[in-house]
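Inside the fold
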Amino acid sequence: MIATTPPVINEAQLNKLGERLFSMFGTYETDRRMLEERWLKNMRQFRGVYDPEVLRLIAADRSKAYPRMTAWTVKGTLARLMQIAFPQSEKNYGIKNSPMPDLEAAQLQQVLDGLVAQKAQGGDPSRVVLQDEEIEKAIAAFAAGKAERMELKVDDDFQEMDYLSLARKVMRSGIVYGAGILKGPLHLKVKARTWKRNPFTGAYTAEEVDKLKPLFEFVPIWSYYPDLTAPSLEAQDGEYERLVMSRAEIQALAARPDFFDDRIDDYLDKHE
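Before going into details, it helps to say that this report is about the structure given with it. All of these numbers come straight from a predicted model, not from anything done at the bench. (Residues numbered from 1 in each chain as written. Predicted model: local features only at pLDDT ≥ 70, side-chain atom pairs only at ≥ 80, totals over all residues. Heavy atoms only, no water.)

A few words now on the overall build of the protein. From N to C terminus, the protein includes 9 helices and 4 strands. Going residue by residue from the N terminus, the α and β elements of the protein occur as α-α-α-α-α-α-α-β-β-β-β-α-α. Computed over C-alpha atoms, the radius of gyration of the protein comes to 29 Å, more than 25% over the 19 Å expected from 2.2 N^0.38 for 272 residues, which places it beyond the range of a compact globule. Taking the principal axes of the C-alpha coordinates as reference, the protein spans close to 100 × 55 × 40 Å. Every one of the 272 residues in the protein was classed for burial, and the buried ones make up 20%. Side-chain charges in the protein split into 38 positive and 42 negative, and the spacing between the mean points of these groups amounts to 7 Å. (Helix = DSSP H or I, 4+ residues; strand = E, 2+ residues; numbered from the N terminus. Rg over C-alpha atoms; globule rule 2.2 N^0.38 Å. Buried < 20%, exposed > 50% of the residue type's maximum accessible area, 1.4 Å probe, protein only. Lys, Arg positive; Asp, Glu negative; His and termini not counted. Charge placed at Lys NZ, Arg CZ, Asp CG, Glu CD.)

See the structure below:
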């Protein structure tokens, strides 16, 4: 077993990084102000609230009722978009193998061994000769089976993460504010079921294993701070997401290997 030495932290460089990240956030926050003004107007219009400058012009003895026509339009548009993007009668996606699928070497060998065993029928496998056409046909059948199982897996993942609700939130944000944000793919470690067969006794035993499940999250537009100087998302220097955490959630970070537990404990001591 090789002993590994923990890396030495350069405090000066670490503090310089923290200062740079804090300064970058200030820039992103300032750059977003103009957009926030527009979002506020959109939000007031959706909620049926007059802008402050309009409200000041309405006399105290006059009605301040606001027709909620925008909210009705948003709800109708959202319902229509969900109907188009996620039809109830059929799935809006499918997984199929390509006409000439490529397999990994181990998978291709599995297909070849299966064909040889099938044609040999207990005879001498070395005398079996396979035609290119039947090999390609067997490869296509193998790939089609994997595509079918992958589609079932995707269906299961979508249902578990309630993807329709996430998509509805993103679309609603896009209609009201002009942008909707879905973060992912992330992963979540969960317990999953599996089984094994004992090669000596033939008995099957149930097992529980750790499994990584795909995860997506809706990010409210108010909590997202992109690099607005970049011409595209890929060209950003960075992006920030505002998270509101309870004291217990911050304390839980101390148990993770990617956080400094002593700094978290010190912060919680100073901030009751």
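The rest of the description comes next.
Packed helices, taken two at a time, are described by the angle their axes make and the gap between the axes. Two elements in contact, helix α4 (residues 69–85) and helix α7 (residues 163–177), have axes separated by 10 Å at closest approach and are oriented at 135°. Considering the angle they form, α4 stands oblique to α7. Where α4 crosses over α7, the two elements pack in a sense that is right-handed. Across the interface between the two elements, Val-74, Thr-77, Leu-78, Leu-81, Met-82 and Ala-85 of α4 pack against Leu-164, Ala-167, Arg-168, Met-171, Arg-172, Ile-175 and Val-176 of α7. Counted by class, the contact of α4 with α7 contains 10 nonpolar, 1 polar and 2 charged residues. (Axes fitted to C-alpha atoms, helices over the stretch in contact; angles between N-to-C directions. Parallel < 35°, antiparallel > 145°, perpendicular 65-115°, else oblique. Left-handed = near helix turned anticlockwise from the far one by under 90°. Contact = heavy atoms within 4.5 Å. Nonpolar A, V, L, I, M, F, W, Y, C, P; charged D, E, K, R; others polar.)

A cis amide bond, omega 0°, links Gly-184 with the succeeding residue Pro-185. Residue placement: Pro-185 occurs in strand β1 (residues 181–197). The backbone phi angle of Asp-162 is positive, close to 50°, even though this residue is not glycine. Considering the arrangement of structural elements, one finds Asp-162 in the loop between α6 (132–160) and α7.

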